[in-house]
Amino acid sequence: MRSVLVLLILAAVGILPAAAADRPAGRVRIATFNCSLNRASDGALRHDLATPGNAQAAAVAEIIQRVRPDILLLEEFDYDAGGVALRDFQSNYLDRSQNGSAPLRFGHSFFTESNTGQPSGFDLNNDGRVHGGEDALGFGEFPGQYAMALLSRFPIDARHARTFRKFLWRDMPAALLPPGWYSPEELAVLPLSSKSHWDVPVRIGKMTLHLLASHPTPPAFDGPEDRNGRRNHDEIRFWSDYLDEAPYIRDDAGKRGGFRGKAFLIMGDQNSDPVDGGSLNDAIGTLLAHPRVDARFVPQSSGGPEASAVQGGANAAQRGDPRFDTGDFNDRAVGNLRVDYLLPSKGLEVCGGGVFWPSQTDPAARLVWGDQPPPSSDHRLVWIDVNVSGARCPPGSDPTTSASSHPGH
């Protein structure tokens with residue numbers, strides 16, 4: 001009874017959001033979800049979300065409602081300048097109960113431009129014509145396709161947010177540019193980020209948590225020059241350099257220098273598995289081993305190993321632990337991989353977390369198991385619970401070696 005009273009007091013004074021009062025005091029749940037709410041044409045997502053009846057959006061919303069994060073990064077959510085799609089997703093899906101799950105309200109958001117679909121004016125894929133998504137600054141058939149959005153129940157300090165959407169790839173020292181592929185004129189407009197890189201401060205009581213969000217391009221859909229694999233590598237490497245306070249870095253407002261804060265969380269679909277898949281995975285390996293990053297806790301699921309065994313194919317030859325997989329990809333060529341990450345700074349205590357990939361015997365399996373494409377997304381929502389109270393995690397818990405596929409509330 002006493003702990004419930006403490007939670008209610010914390011919620012009342014703004015240390016915890018009201019809907020988080022069913023979790024232990026000072027525990028904040030943070031999630032990343034490549035939700036695949038992208039569409040083939042501009043305006044199609046706004047159309048689909050304008051009413052409550054879209055089956056995929058309902059499945060995505062139910063997963064979010066089941067996990068109940070306080071902070072959520074959505075990838076592959078098409079951007080529109082008015083933010084209409086994001087508001088409609090909130091009001092028509094998250095604000096409404098999905099299959100008996102309680103509605104969920106986020107009071108704050110960060111949703112801004114993406115490089116995806118922005119015309120470059122150049123023949124970036126060298127096919128002899130300037131046309132289509134492969135010639136955009138980041139792959140996309142229209143501006144804002146495959147963008148990302150941040151939702152939070154805590155206040156977002158947008159005034160001090162830094163974005164790096166315009167930073168040029170050529171300006172990264174020792175960049176892995178494909179030799180001879182791009183002309184000097186093309187390199188003068190081609191950004192490093194295929195979508196954007198964000199440093200978004202969120203105020204949690206007296207604490208400021210910097211959310212370092214990105215969604216690098218997949219290391220595929222190219223040729224032997226490996227232009228996408230090389231870009232993926234350098235998009236991930238950017239965060240290691242940012243934490244090292246590399247002086248070459250310049251944000252979209254012209255401010256130079258890397259990270260100067262304290263607590264941070266690197267989040268997003270990095271499109272790179274540490275041991276499997278086709279990426280140049282030394283960049284994700286370096287980030288996982290960075291001296292300012294605590295990567296000991298690896299969210300896991302019970303459904304990942306089941307999927308690996310049932311689907312077979314490329315999964316059978318993989319070296320990584322399928323408990324840690326977060327993406328369900330083509331089993332003939334790629335297999336399931338760990339590509340979605342939540343990496344806290346050292347000093348942030350993680351009390352638990354997981355990957356929403358329930359067992360086939362679980363009633364929630366219908367949200368992620370099934371025919372291709374799956375009912376919600378080919379990625380799984382990943383979450384962690386971060387302790388911001390100063391108290392220790394509950395005695396006996398060891399989040400560096402255990403996790404669950406179902407969140408506790």
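Residues numbered from 1 in each chain as written. Predicted model: local features only at pLDDT ≥ 70, side-chain atom pairs only at ≥ 80, totals over all residues. Heavy atoms only, no water.

Caption draft 1: Up close: the overall build of the protein. Secondary structure assignment for the protein yields eight helices and eleven strands. Across the 409 residues in the protein, those meeting the buried criterion constitute 57%. Summarising the internal contacts of the protein: among those between residues at least 6 apart in sequence, 73% fall at separations of at least 24. Summed over its atoms, the accessible surface of the protein is roughly 16300 Å², and 54% of this surface lies on carbon and sulfur atoms. (Helix = DSSP H or I, 4+ residues; strand = E, 2+ residues; numbered from the N terminus. Buried < 20%, exposed > 50% of the residue type's maximum accessible area, 1.4 Å probe, protein only. Contact = heavy atoms within 4.5 Å. Areas by Shrake-Rupley, 256 points an atom, 1.4 Å probe, with all protein chains shown as cover.)

Caption draft 2: Molecular detail of the packing of aromatic side chains. Under the criterion given, the structure shown has 16 aromatic pairs. On the basis of an interplanar angle of 75° and a centroid distance of 5.9 Å, the ring pair of Phe 77 and Phe 111 is categorised as edge-to-face. In this pair, Phe 77 is assigned in strand S2 (residues 71-77) and Phe 111 in the loop between strand S3 (108-110) and strand S4 (148-152), connecting sequence segments 34 residues apart. By relative accessible area, Phe 111 is classed as buried at 16%. Among the aromatic residues, those joined into a cluster by ring pairs are Phe 164, Phe 167, Phe 238, Trp 239, Tyr 242, Tyr 248, Phe 259 and Phe 264. Directly above the aromatic system of Phe 106 lies the positively charged group of Arg 153, at a separation of 5.8 Å from the ring centroid. (Phe/Tyr/Trp six-rings, centres within 6.5 Å; stacked < 30°, edge-to-face > 60°. Lys NZ or Arg CZ within 6 Å of the ring centre and 35° of its normal.)

Caption draft 3: Focus on the sheet that holds strand S11 (residues 382-387). Within the open sheet, the six strands sit side by side as S3-S4-S2-S1-S11-S10. Their pairing is mixed. Two strands lie at the open edges of the sheet, namely S3 and strand S10 (349-355), each paired on one side alone. Pairs of neighbouring strands in the sheet enclose a mean axial angle of 15°, with direction left out of account. Note that S2 and S4 share five bridges and pair antiparallel. Opposite Leu 72, over in S4, you have Leu 151 as the bridge partner. Contacts from helix H4 (residues 84-94) reach strand S1 (27-37), S2, S3 and S4 within the one sheet, and its direction differs from that of S2 by about 115°. (Pairing = 2+ DSSP bridges. Axes fitted to C-alpha atoms, helices over the stretch in contact; angles between N-to-C directions.)

Caption draft 4: Structural view of the pattern of salt bridges. Tallied over the entire structure, the rule returns 20 salt bridges. Two residues, Glu 225 and Arg 227, come together in a salt bridge whose shortest N-O distance is 2.6 Å. Neither residue differs from the other here; Glu 225 and Arg 227 are each classed as buried. Notably, a salt bridge pairs Arg 380 with Asp 328, separated by 3.4 Å at the nearest N-O pair. Of this pair, Arg 380 sits in the loop between S10 and S11 while Asp 328 is found in the loop between helix H8 (303-311) and strand S9 (340-344), placing the two residues 52 residues apart along the sequence. Several salt bridges share partner residues, and in doing so they unite Glu 62, Arg 66 and Arg 366 into one network. (Salt bridge = Lys/Arg side-chain N within 4 Å of Asp/Glu carboxyl O.)

Caption draft 5: Structural context of the nonpolar core. If you look at the biggest cluster of nonpolar residues, it comprises 67 residues, and the most contacted ones within it are Ile 64, Phe 77, Phe 89 and Leu 381. Non-local contacts of Phe 77, meaning those with residues more than four positions away in its chain, are made with Cys 35, Leu 37, Leu 45, Leu 49, Ala 85, Leu 86, Phe 89, Phe 111, Gly 144, Tyr 146, Ala 147 and Met 148. Among the nonpolar cores identified, the runner-up in size contains 29 residues, and Trp 181, Leu 187, Leu 190 and Leu 343 belong to it. (Core = buried A, V, L, I, M, F, W, Y, C linked by side-chain atoms within 4.5 Å.)

Caption draft 6: Representation of the packing of helix H3 (residues 55-67) against H4 in the model. As a packed pair, H3 and H4 sit with axes 10 Å apart at the nearest point and diverge in direction by 75°. Judged on the interaxial angle alone, H4 and H3 are roughly perpendicular. Of the residues in H4, those touching H3 at Ala 57, Ala 58, Val 60, Ala 61, Ile 64 and Gln 65 are Phe 89, Tyr 93 and Leu 94. Each residue belonging to the contact of H3 with H4 can be placed in one class, and the counts come to eight nonpolar, one polar and no charged. (Parallel < 35°, antiparallel > 145°, perpendicular 65-115°, else oblique. Nonpolar A, V, L, I, M, F, W, Y, C, P; charged D, E, K, R; others polar.)

Caption draft 7: Examining the side chain of Asp 135 more closely. Relative to the helices and strands, Asp 135 resides in the loop between S3 and S4. There is no salt bridge for the buried Asp 135, and the closest opposite charge comes from Arg 129, which lies 6.5 Å off by N-O distance. Here the side chain of Asp 135 touches Asn 125 through a polar contact of 3.2 Å, landing on its backbone nitrogen. Apart from the residues lying within four places of it in its own chain, the contact partners of Asp 135 are Ser 120, Phe 122, Asp 123, Leu 124, Asn 125, Asp 127, Arg 129 and Val 130. (Lys, Arg positive; Asp, Glu negative; His and termini not counted. Polar contact = N/O pair within 3.5 Å; in protein donor to acceptor, adjacent residues only side chain to side chain.)

Caption draft 8: Broad picture of helix H6 (residues 227-243). Spanning 17 residues, H6 covers 25 Å between terminal C-alpha atoms, matching the ideal 24 Å at 1.5 Å per step. The buried fraction of H6 is high, at 16 of 17 residues. One or two steps after H6, the chain reaches Glu 245, where phi turns positive at roughly 60°. (Expected span 1.5 Å × (residues − 1).)

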